[in-house]
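Each chain, letter by letter, is given below.
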Amino acid sequence: MNFFEKWVSKSFKESFERDSEQQQIEPEIPLHTSLQDNIRDIKKTLGNSTDIVIREVRIGKSGDQLIGIVYTDGLADKSAITDFIMETLMLNIKGTRLDKKIQSSTNILQLLKDYALTIGDIKDVSDFKTLYNSVLSGETLILIDGHAEGLLASTRSWQDRGVTEPSAESVVRGPRESFSETMRTNTSLIRRKIKDPNLWLETRQIGRVTQTDVAIMFIKGIASDKIVDEVRARLDRIDIDGILESGYIEELIQDDTFTPFPTVFNTERPDVVAAELLEGKVAILIDGTPFVLVVPALLISFIHSPEDYYQRADISSLVRILRYIGAFISLLGPSLYVALTTFHPQMLPTAMLISIASQREGVPFPAFLEAMLMELAFEILREAGLRMPRTIGTALSVVGTLVIGQAAVEAGLVSAVMVIVVSLTAISGFVFPSYSMSSTIRMLRFPMIGLAATFGLFGIIVGLIALILHLCSLRTFGVPYMSPFAPLILTDQKDTILRFPRWALLSRPRLINEKNMIRVENELTQKLKRGE
Amino acid sequence: METIKISVRQFTILVILFSVGSSMLIIPGIIAKEAKQDAWIAAILGVGVALLLVKLYNVVGSIEPNMTLIEIIEKVLGKWVGKIVTIAFLFFTLVTSGEFLYFVGNFMSTEIMPETPILAFNILFAIVVIIGVRYGLETFARSAEIIFPWFIVLFVLFIILISPNVEIQNIQPVLEIKTKPMLHSVLLFISVFSLSPIVLLMIFPIAVNDAQQAQKAFFKGTFIAGIILVIIITLTIVVLGTEATAHLMYPSYALAKRIEIGNFLQRIEVIMASMWIITIFFKLIIYFYASVVGFAQLVNIKDYRPLTLPLGMIIVVLSIIVHPNIVESIQYNNGSWIPFGATFGLLLPLVLLIVAKVRKRT
Amino acid sequence: MWMSVLIVVVVVVMFTAEAIPLLKKGNIKEFRVFSVLLLFGTSLSIALSLKVAIPSPIDWIEFIYKPLTDWLQTTLK
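Within any chain, residue numbers begin from 1 and follow the written order of that chain's sequence. Here chains are named by letter from A upward and ligands by number from 1 upward, in the order in which they appear as written. Side-chain atom pairs in this predicted model are given and counted only at pLDDT of 80 or more, local residue features only at pLDDT of at least 70, and totals for whole chains, interfaces and linings cover all residues.

1. Observations regarding the overall build of chain C
Condition: Strands here mean DSSP runs of E at least two residues long; helices mean DSSP runs of H or I at least four residues long; both are numbered from the N terminus. The quantity called the radius of gyration is restricted to C-alpha atoms. Its globule counterpart is 2.2 Å times the number of residues to the power 0.38. Counting other C-beta atoms within 10 Å of its own, a residue is labelled buried from 20 upward, exposed at 12 or fewer, and partly exposed in the gap between, with every C-beta atom placed from the backbone.
Counting its secondary structure elements, chain C contains four helices and zero strands. When its helices and strands are written in sequence order, chain C yields α-α-α-α. The C-alpha atoms of chain C give a radius of gyration of 20 Å, which is well past the 11 Å a tight globule of 77 residues would have. By the burial criterion, 21% of the 77 residues in chain C qualify as buried.

2. Describing the overall build of chain A
Helix and strand counts for chain A come out as 18 helices and twelve strands. A globule of 532 residues ought to have a C-alpha radius of gyration of about 24 Å, yet chain A, at 30 Å, is considerably larger. The proportion of buried residues among the 532 residues of chain A is 35%.

3. Concerning the pairing of strand β6 (residues 199-206) of chain A
Residues and elements named next belong to chain A. The condition is simple: Two strands form a pair only when DSSP identifies at least two bridges running between them.
Relative to strand β7 (residues 212-219), β6 is paired through eight bridges, and the arrangement is antiparallel. In the sheet register, I206 faces β7, and the bridge partner there is T212. The antiparallel hairpin formed by β6 and β7 contains five residues in its connecting segment, where G207 sits at a positive phi of about 105 degrees.

4. Describing the nonpolar core
Selection rule: To form a nonpolar core, buried Ala, Val, Leu, Ile, Met, Phe, Trp, Tyr and Cys residues must be joined through C-beta atoms within 7 Å. C-beta atoms are placed from the backbone for every residue, and two residues are taken to be in contact when these atoms lie within 7 Å.
I284 of chain A together with I31 of chain B are the most contacted members of the largest nonpolar core, which totals 235 residues. Looking at this core, the element that brings in the most residues is helix α12 (residues 270-298) of chain B, giving 20 residues. With sequence-adjacent residues up to four places away left out, I284 of chain A is seen in contact with V214, I216, V231, I249, V292, L293 and V295 of chain A. The next biggest cluster of nonpolar side chains, apart from the first, holds 28 residues, and it includes I67, Y71, A80 and A153 of chain A.

5. Observations concerning the packing of helix α14 (residues 367-387) of chain A against helix α17 (residues 435-473) of chain A
All names here are of chain A. Applicable threshold: Every axis in this analysis is a line fitted to C-alpha atoms, fitted for helices over the stretch in contact. Angles between the N-to-C directions lie between 0 and 180 degrees. Relative orientations are named as follows: roughly parallel for angles under 35 degrees, roughly antiparallel for angles over 145 degrees, roughly perpendicular for angles from 65 to 115 degrees, and oblique for any other angle.
Remark: α14 packs on α17, axes separated minimally by 10 Å, with the N-to-C direction vectors making an angle of 170 degrees. Between α14 and α17, the angle falls in the class roughly antiparallel. Residue-level contacts link F368, A371, M372 and E375 of α14 to R445, F446, I449 and A453 of α17.

6. Regarding the interface of chain A and chain B
This is how the line gets drawn: Classes in brief: Ala, Val, Leu, Ile, Met, Phe, Trp, Tyr, Cys and Pro nonpolar; Asp, Glu, Lys and Arg charged; the others, Gly included, polar.
Contacts between the two partners involve 23 residues from chain A, matched on the other side by 28 residues from chain B. By residue number, the principal contributor to the side of chain A that touches chain B is α17 of chain A, which donates twelve residues. Of the residues belonging to the side of chain A that touches chain B, the class tally is 19 nonpolar, four polar and no charged.

7. Comments concerning the UniProt feature "transmembrane region" (unreviewed entry) in chain A
All names here are of chain A. As a reminder of what qualifies: UniProt positions are given in the numbering used here, feature names are shortened, and annotations may be inferred rather than shown by experiment.
UniProt's entry tags residues 282-303, 324-343, 415-436 and 448-471 with the feature "transmembrane region" (unreviewed entry), counted in the numbering of this structure. Taken end to end, residues 415-436 is 73% helix and 0% strand, and its two terminal C-alpha atoms sit 31 Å from one another. Between the C-alpha atoms that bound residues 448-471 there is a distance of 16 Å. The span itself is 100% helix and 0% strand.

8. Observations regarding the sheet that holds strand β2 (residues 65-72) of chain A
All names here are of chain A. Strand order in this open sheet of five strands is β1-β2-β4-β5-β3, and the pairing throughout is antiparallel. Only two strands of the sheet have a single partner each, and these edge strands are β1 (52-59) and β3 (122-125). For this sheet, the mean inter-axis angle between neighbouring strands, taken without regard to orientation, is 25 degrees. Bridge count between β2 and strand β4 (residues 140-144): four bridges; the pairing is antiparallel. In the strand pairing of β4, I69 is matched with I142. Each of β2, β3, β4 and β5 (150-153) is contacted by helix α5 (residues 108-116), which is oriented at about 25 degrees to β5, the strand it contacts most.

9. Brief notes about the domain arrangement of chain A
Residues and elements named next belong to chain A. Cut-off, in case you're wondering: What fixes the domain bounds is an automatic or database domain assignment.
Split by domain assignment, chain A resolves into domain 1 (35-153), domain 2 (183-297) and domain 3 (311-476). Here the C-alpha centre of domain 3 lies 34 Å away from the C-alpha centre of domain 2. Each side of the interface is counted separately: domain 2 has eleven residues, and domain 3 has ten residues. Split by residue class, the side of domain 2 that touches domain 3 holds six nonpolar, three polar and two charged.

10. Structural notes on the interface of chain C and chain B
Reports often express the size of an interface as the amount of accessible area lost when the parts come together. The interface is formed by 26 residues belonging to chain C together with 25 residues belonging to chain B. Of all the secondary structure elements, the ones that give two or more residues to the side of chain C that touches chain B are α1 (2-25), α2 (28-49), α3 (57-64) and α4 (66-76) of chain C. Sort the elements by how many residues they give to the side of chain C that touches chain B and α2 of chain C lands first, with eleven residues. Classifying every residue of the side of chain C that touches chain B gives 17 nonpolar, five polar and four charged.

11. Focus on the UniProt feature "transmembrane region" (unreviewed entry) in chain C
The UniProt record marks residues 35-54 of chain C with the feature "transmembrane region" (unreviewed entry), using the residue numbering of this structure. Helix and strand shares over residues 35-54 of chain C are 75% and 0% respectively, and the end C-alpha atoms of the span are 21 Å apart.

12. Some words on the sheet that holds β6 of chain A
All names here are of chain A. The five strands are arranged β6-β7-β9-β10-β8 in an open sheet whose pairing can be described as antiparallel. Only two strands of the sheet have a single partner each, and these edge strands are β6 and β8 (265-267). Sheet twist, expressed as the average angle between the axes of neighbouring strands with direction ignored, equals 25 degrees. Here β8 pairs with strand β10 (residues 292-295) via three bridges, running antiparallel. When the bridges of β10 are listed, T267 appears paired with V292. On the sheet, helix α9 (residues 246-253) packs against β7, β8, β9 (282-286) and β10 and is oriented at approximately 25 degrees with respect to β10.

13. A look at the packing of helix α1 (residues 8-20) of chain B against helix α7 (residues 137-162) of chain B
Residues and elements named next belong to chain B. Relative orientation of the contacting elements α1 and α7 amounts to 70 degrees, with a least axis distance of 9 Å. One finds that α1 runs roughly perpendicular with respect to α7. Between α1 and α7, the residues in contact are Q10, I13, L14 and L17 and A141, R142, A144, E145 and F148, respectively.

14. Description of helix α8 (residues 179-193) of chain B
Residue and element names in this part refer to chain B. Operational definition: A helix's residues, less one, multiplied by 1.5 Å, set its expected span.
The first and last C-alpha atoms of α8 sit 21 Å apart over 15 residues, in line with the 21 Å expected at 1.5 Å per residue. A large share of α8 lies buried, amounting to eleven of its 15 residues. Restricting attention to buried positions, one finds in α8 the residues M182, H184, S185, V186, L187, L188, F189, I190, S191, V192 and F193.

15. Side note on the confidence of the model for chain C
For clarity, the threshold we go by: Confidence of the predictor at the level of single residues is captured by pLDDT, which takes values from 0 to 100.
In the predicted model, chain C carries a mean pLDDT of 85, and 99% of its residues have values of at least 70. For chain C, per-element mean pLDDT is lowest for α4 of chain C, which scores 82, and highest for α2 of chain C, which scores 88.

16. Remarks on the pairing of β1 of chain A
For a regular strand, the rule is simple: side chains alternate between the two faces of the sheet. Residue and element names in this part refer to chain A. The pairing of β1 with β2 spans eight bridges and is antiparallel. Residue I52 lies in a different strand from β2, and its bridge partner there is T72. With antiparallel pairing between neighbouring strands as the criterion, β1 and β2 make up a hairpin whose turn holds five residues, including G60 at a positive phi of roughly 95 degrees.

17. Remarks on the environment of S191 of chain B
Residues and elements named next belong to chain B. Examined against the element boundaries, S191 turns out to sit in helix α8. S191 sits in the buried class, given 23 other C-beta atoms within 10 Å. Distance in space between the C-alpha atoms of S191 and F340 is 9.4 Å, their sequence separation being 149 residues. Residues contacting S191, with those up to four places away along its chain left out, are W337, I338 and G341.

18. Re unusual backbone geometry
Here S483 of chain A and P484 of chain A are connected by a cis peptide whose omega angle stands at 5 degrees. Along the chain, P484 of chain A falls in the loop between β12 (479-480) and α18 (523-530). Cis geometry marks the peptide bond from A486 of chain A to P487 of chain A; its omega dihedral reads 0 degrees. Backbone geometry at F477 of chain A places phi at a positive 50 degrees, although glycine is not the residue there. Note on placement: F477 of chain A falls in the loop between β11 (475-476) and β12. In this model, N300 of chain B sits at a positive phi of 65 degrees, which is unusual for a non-glycine residue. Inspection of the secondary structure assignment puts N300 of chain B in the loop between α12 and α13 (308-321). N300 of chain B sits in the exposed class, given 8 other C-beta atoms within 10 Å.

19. Comments concerning the environment of N92 of chain A
Secondary-structure assignment places N92 of chain A in helix α3 (residues 78-92). Put simply, N92 of chain A and A116 of chain A are 24 residues apart on the chain and 8.8 Å apart in space, counted from C-alpha to C-alpha.

Here it is in structure tokens:
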């Protein structure tokens, strides 16, 4: 770790030296009294950007009160500005009592706010920093000549992809909506599911240049205060120029950098977030990405699918077991093949051994190389399939199946068993509902093959022990990553390998919630509490 | 020291895995040689004595519940005598760690993969042990919690699969044994099974969150481990017979070779091997942890982690030089190991107890 | 021979990864203990790789406990 830090600091020394002037954090400059001065400053700072619209209008009885309206084209709702700001100020108040008042009053700001602006959310602004921030997020600024203050009307509205079906986490049964890039849409999707006054939302801006909105969402009273505080502290510690995706935040708040395992959960499904919030976890929403982070993330949350809770308990329990088997094959499939064929052929039934041996006859590579080559080929195929334009996709699958599969076997480059093993492993890799976990397991497969090729089953067992040790050392926001397996919590086993029927899921995970463990206080839980 | 605490359940599991540890593979052969078909009775008696010894360890542990064994030694015996005893104790744990590593490598290279040099196994295994110790007690206690169910599953599977091969007449006639061989076999059993838990005093009761429950857990763990060993010993005798058991180096492994269900499930002695590797891993990791932490306390440094790499290197070297061959290792285990182990497993706690009592009175 | 070179390389890596940070943090005592132990370990390993006969500690144990062992063996026979 120390090497790494040193290397980072060394490699950046040059860029630091080149950056002779340190970027200064702008102090809060107050607004000027004169409208002209203000507008001149705004134009100068924004570099006359063409999407910034600046309008100067005159209001009042004799039209001698100058006001300025500033908004960003494309981010602000134009019709709202015309209907509720311009029209009101310029036409509707003409000839009313208000008109006269504007003439005489010294506090036009308050007057406008109270009587004239027919718009929902109005804020005061008195410094340039907030001003730029708001205008650039789509709010409309109203400046009044002669006042060192302005009004900000919330007119945010921009093109949105809309709520579509989730693409990475699909279910057969369950809600079909997924988050989109706009944070407000995302928070509304969650609020629509949880209509509780205790669902709290805290927003802050992170990223010195991008000023990205990042929100923490949790249910007060269910989420542990300790974890919420920890999330706040870690978010506040972030000092970066820009946040473009939740991955940035994930990397900056995770407990451990050097681990292949994800310790922050991400999802694009509102129902998953709602379920996690109900378990007392904390969601982090980031503007500009449909992926919402959830912490703390335990290992099991990456293996459970939301559908487990929508299907009947017995079915989903069986499916879960299947998924664990899939995980096992995905991690150890090729390494077991290598170990068995290279070091422990006596463990295979004789008939099978003979058939494998006859197939492997003429294959020029040892099993290890064969496995590595095939796995590598598959990984390349997979990666290429992700990156290539969609229209060429079919061509790739033909090339993949025919060339890598059949032709390679017929040409005697690899044995047919190896192709079966690799494809079985590849398919098993997709049982993970979470993409980040399946990439982790895929990655760990290679060292396992290496261990199997050098030490056989001993290598695999030792590798597994090392893996378990590593997993047990991980923590996610103070909660052991392997809980509720280690430390073993019996009451939480109702929702780990099996999923118990809905009526048995009485309590929330114990290590995440210190208090408020019981989901609902009713006759049944009262009875259990009294120990009847 | 760090204030890490493990739960009582984790401690119980560690005691079980630790006590089953190396014993699982070699003990049937050692005591079958002396006690013949009555080896299982010797084992049961041995478990009884082991529980008495656990009582002793519990009492020693409660002299100073907030200290490790090393600190207790130094406090009770004074600084200079304490240091000397500590050095002797560390010599004991380090040499024994090296010996366990030798067992791993020797077993793998003689029974499973003859082409691979023993050093390779030892280095790989030592690396994982070092990783575990560096992660700390809490982490490897948790890993034990995860691995233990698998161990039990494998064990039950093993019993079920081997049960068709049981020939009950192999243990008849019962109780034919004379007193002296019986005593000898009980002694051998104890020497392997129950002198080592003195090392557990490095984590008990200081690192267990409930000292009172931990004492019970110590008994419970030893008892369960004892039952597992008695079952294995009985199975080897009823399946292999006394003669074969006594002459094999690893009888329980040979036992697993007998498993054959239908035409497809055969030669799955790997089950036995993996069970053994799991348990010896935890035995070794506790021995090594004790050595490293003990060493850190001896020279009075706060963080034991920097010592793991050099000491790990030393136990790898030790694992190569301890025994020139397997015959000498058997000789050592049946001979000098008994008094050597007893010095630390029996004499040391007794001395500590007596000195502590005397000091308290004056 | 190659084995010894390999050992030296591994030891150098260990030293830089573990000892230098200790020294930087000002943990002189840890650094000393680490270095002494590492030196001891290295010399043992190199001796082993050069096939020098290293006395086994088991021999010492057997020597010390010989009377006791013999007594046990004879009385229990």
